[in-house]
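Observations on chain architecture
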Amino acid sequence: MIVKIENLHKSFKDVKAVDGISFCVKEGELFAFLGVNGAGKSTTINIISGILQKDGGKALICGEDLDKNIDKIKSNIGIVFQNSVLDKKLSGYDNLKYRAALYGIFGADFKAKLKEMTELLDLKDILKRPINKLSGGQKRRLDIARALIHNPKLLILDEPTTGLDPKTRITVWSVIDKLRSEQGLTVFLTTHYMEEASDSDYVVILDSGKIATEGTPHELKNKYANDYIKFYNKKDEAEEFFVGLGKHIRKERDFILVKLDSTNEVPKYIAQKPEIFDDFEVLKGNMDDVFLNVTGKYLKEV
Amino acid sequence: MQEAKKLCSLIGRNTKTYFKDKFLFFTSMLTPLILLILFFTFLRNIYIDSFTAAFPEGFSVDSKIINGMAGAWILSSVLSVSSVTVAFCANMVMVDDKIHSSINDFKVAPVKSTTISISYLISNIFVVTLVIISVLVLGCIYLAAVGWYISVSDFFMILLGCLCNILFGSLLATIVLSFVSTQGMQSAVASLITALYGFISGAYMPISSFSKGLANFLGLLPGTYGTSLLRNHCMNGYLNELANVGLPSEAIKGIRDGFDANIYFFDNSVPLPVMYGIIVGTCAALLIIYILIVILKNKNISFKFLDKIKDKFSKKSICEKD
């Protein structure tokens, strides 16, 4: 285990931001932390990275106790913050140089790391420009380079793609995937994008500082998400058939959506009423359903 | 050794961030610029008239002495004011780091929080020193053009006076701004310092021209003595020259009193060594306060009364970011 958290507590005055959570992150996996604003995601990350002090509980990061070897832990983790924290008036090169120095990387070592990062993240054209003259995607690439400059074992991404255009989001994820496959980097992610959570190895959903549920995306979908059949033709016949079976139906302009308990029911209905299955789709439940059913909240709205 | 290299890197980063921020640089030079504009538009003539008013009837001197003394007086004002206003503005880098959470980027790195805190103080001293040296060089060029009567020993004493003022300004600014972490408080402090310090240090008008109550109150502020030190060293050569050409000692005393080279604390004249004692003692006290703040912050002991003030300026709390 690269991260092992036991009974973690943190309060701000009367607000319990993190209320006794426990979880583990395996080495090399993509771990997703989901939750609405105020659920306790950033507080947990801030505790793990040493920005905040915990009120109680135990945390082992990269095999080191958070209470005893914080400096060793800091050398092994890299963070991409929700909002870029790079110095806006300085160039990308200066930002990376000054940040690398904080990890004891100077001179030739820095130049070698800079070359590696420039190739990995395609930084060549943006290194000399001040941060405030860069686009959101370019800043993000530098944020990631800054987080990786000291070869961390654990990369923490706090909503890394929020506010980015789809193309840049794909670029960011292709870099992260490359790092995971080539270097076995463990990624600890918080995100508002359900498709990003769907691609992770393990998901923890936080609600009001507590763990609401956890598991692999597949397990969570099976447990909490509903499956559907979508009928494009024979809508009226399908509606009549499924209303008769007491199923919940949603009517749209071009199709009707029938809520199922499980996709295993589909063969049975095809056998019973083959003529209505003319133009249809079977839809597996997604992480949005999981989140909604677990917390009663839509993640995109918060 | 590694920690020392990290400290040097942070000092370099803080310094570069300040000089790259043109708006911040301009803001910090605002008070000295206003002072210079006022000097060249009308203050210069007022000072010259005041000097000559102290002369006995029929006494005349080379205009170089009078013009040079007016320039030396304004140079002492600019040096004194800049030591504080530039220190406060340059330390806005530290406040910006808190506002924009850049400080978190340092906190997640394996660098001691004391190293981060010390880097702000040292880079501030470095920035203020650079600005003060630049002002001093420009001032010396001006004085050489209008009339140079500053001896080598006085010049070194001016440098010593500048050092005292730089340390005073940087320590004061770093202590005050270490409690500022919101945009509102930042603006309030910057506006207050740039608008007020020129007056309370007697940079625009000599303290001797203020009411007795206000002059006595300003005598309680250590910065007054830092300014007066510079006044003494800047004007000394010119006053000596006036004595050499026969200006009576009463008239010289009148100029010294009128232009704050002599400072009175509740009617008692404060000698030069005592001025040094006050400013050096204040710097030592500020340094101790700063060390205590760094230690307490390092141990996460909060200053509750200041937290309440901060809450009034900003309702944001870290848990809202989740």
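Residues numbered from 1 in each chain as written. Chains lettered and ligands numbered in written order. Predicted model: local features only at pLDDT ≥ 70, side-chain atom pairs only at ≥ 80, totals over all residues. Heavy atoms only, no water.

**As for the overall build of chain A**
Tallying secondary structure elements over chain A gives 11 helices and 14 strands in all. Per-residue burial over chain A gives 54% buried out of 302 residues. As displayed, chain A has an accessible area near 13,800 Å², and 46% of this comes from carbon and sulfur atoms. Seen as two clouds, the 47 positive and the 46 negative side-chain charges of chain A have centres 6 Å apart. (Helix = DSSP H or I, 4+ residues; strand = E, 2+ residues; numbered from the N terminus. Buried < 20%, exposed > 50% of the residue type's maximum accessible area, 1.4 Å probe, protein only. Areas by Shrake-Rupley, 256 points an atom, 1.4 Å probe, with all protein chains shown as cover. Lys, Arg positive; Asp, Glu negative; His and termini not counted. Charge placed at Lys NZ, Arg CZ, Asp CG, Glu CD.)

**Some remarks on the environment of A:Ser49**
Counting through the fold element by element, A:Ser49 comes out in the loop between α1 (41-48) and β4 (56-61). With relative accessibility at 0%, the residue A:Ser49 sits in the buried group. The sequence separation of A:Ser49 and A:Ile61 amounts to 12 residues, and the corresponding C-alpha distance is 9.2 Å. The residues contacting A:Ser49, other than those within four sequence positions of it, are A:Lys74, A:Ile77, A:Ile79, B:Lys107 and B:Val108. A polar contact of 2.8 Å, which involves the side chain of A:Ser49, links it to the backbone oxygen of A:Ile45. (Contact = heavy atoms within 4.5 Å. Polar contact = N/O pair within 3.5 Å; in protein donor to acceptor, adjacent residues only side chain to side chain.)

**So, the domain arrangement of chain A**
Segmenting chain A into domains produces domain 1 (3-221) and domain 2 (226-284). One C-alpha centre belongs to domain 1 of chain A, the other to domain 2 of chain A, and the line joining them spans 42 Å. (Domains from an automatic or database assignment.)

**Regarding unusual backbone geometry**
Here A:Asp122, not a glycine, exhibits a phi torsion of approximately 55 degrees, which is positive. Position of A:Asp122 relative to the elements: it lies in the loop between α4 (107-121) and α5 (136-148). For A:Asp122, a relative accessible area of 53% puts it in the exposed group. For B:Ser101, which is not glycine, the phi torsion reads 65 degrees and is therefore positive. Mapped onto the elements of the fold, B:Ser101 is located in the loop between α5 (92-99) and α6 (102-107). What makes B:Ser101 buried here is its relative accessible area of 19%.

**Observations regarding the interface of chain B and chain A**
Facing the 29 residues of chain B at the interface are 35 residues of chain A. Interface of chain B and chain A: buried area, both sides summed, is about 2,900 Å²; carbon and sulfur atoms make up 57% of it. Linking chain B with chain A are four salt bridges, by the criterion used here. Across the salt bridge formed by A:Arg99 and B:Asp105, the nearest N and O atoms sit 2.6 Å from each other. Put simply, chain B and chain A have seven residue pairs in polar contact (both at pLDDT 80 or more) between them. Elements with a minimum of two residues in the side of chain B that touches chain A: α1 (2-20) and α6 of chain B. Among the elements that take part in the side of chain B that touches chain A, α1(B) stands out by supplying 10 residues, more than any other. (Buried area = accessible area lost by both parts, 1.4 Å probe. Salt bridge = Lys/Arg side-chain N within 4 Å of Asp/Glu carboxyl O.)

**Concerning the sheet that holds strand β14 (residues 280-283) of chain A**
Residues and elements named next belong to chain A. The strand order β12-β13-β11-β14 describes an open sheet built from four strands, whose pairing is antiparallel. In the strand order of this sheet, the two ends are held by β12 (249-251) and β14, each with one partner. The sheet shows a mean angle of 20 degrees between the axes of neighbouring strands, direction not considered. Across five bridges, the pairing between strand β11 (residues 227-231) and strand β13 (residues 256-260) is antiparallel. Across the sheet, Ile229 pairs through a bridge with Val258, a residue of β13. (Pairing = 2+ DSSP bridges. Axes fitted to C-alpha atoms, helices over the stretch in contact; angles between N-to-C directions.)

**A look at the sheet that holds strand β2 (residues 15-25) of chain A**
Within a sheet, neighbouring strands are paired by backbone hydrogen bonds and run either parallel or antiparallel to one another. Residue and element names in this part refer to chain A. The four strands lie next to each other as β2-β1-β4-β5, forming an open sheet whose pairing is antiparallel. What marks the edges here is a single partner per strand, and that holds for β2 and β5 (64-65). Relative to β4, strand β1 (residues 3-12) runs antiparallel, the two being bridged by five bridges. Within β4, the position partnered with Ile5 by the bridge is Ala59.

**Side note on the pairing of strand β7 (residues 154-158) of chain A**
All names here are of chain A. Taken across its five residues, β7 has five buried, putting it largely inside the fold. Here β7 shows a buried face lined by Leu154, Ile156 and Asp158 and a second buried face lined by Leu155 and Leu157. Taken together, the four bridges between strand β6 (residues 77-80) and β7 define a ladder with parallel strand orientation. Paired with Val80 across the strands is Leu157, a residue of β7. Alignment of β7 against strand β8 (residues 186-190), held across five bridges, turns out to be parallel. Pairing of Leu157 across the sheet is with Leu189, part of β8. Taken together, β7, helix α6 (residues 166-183) and β8 constitute a β-α-β crossover, and its handedness is right-handed. (Right-handed = clockwise from strand over helix to strand, strands pointing away.)

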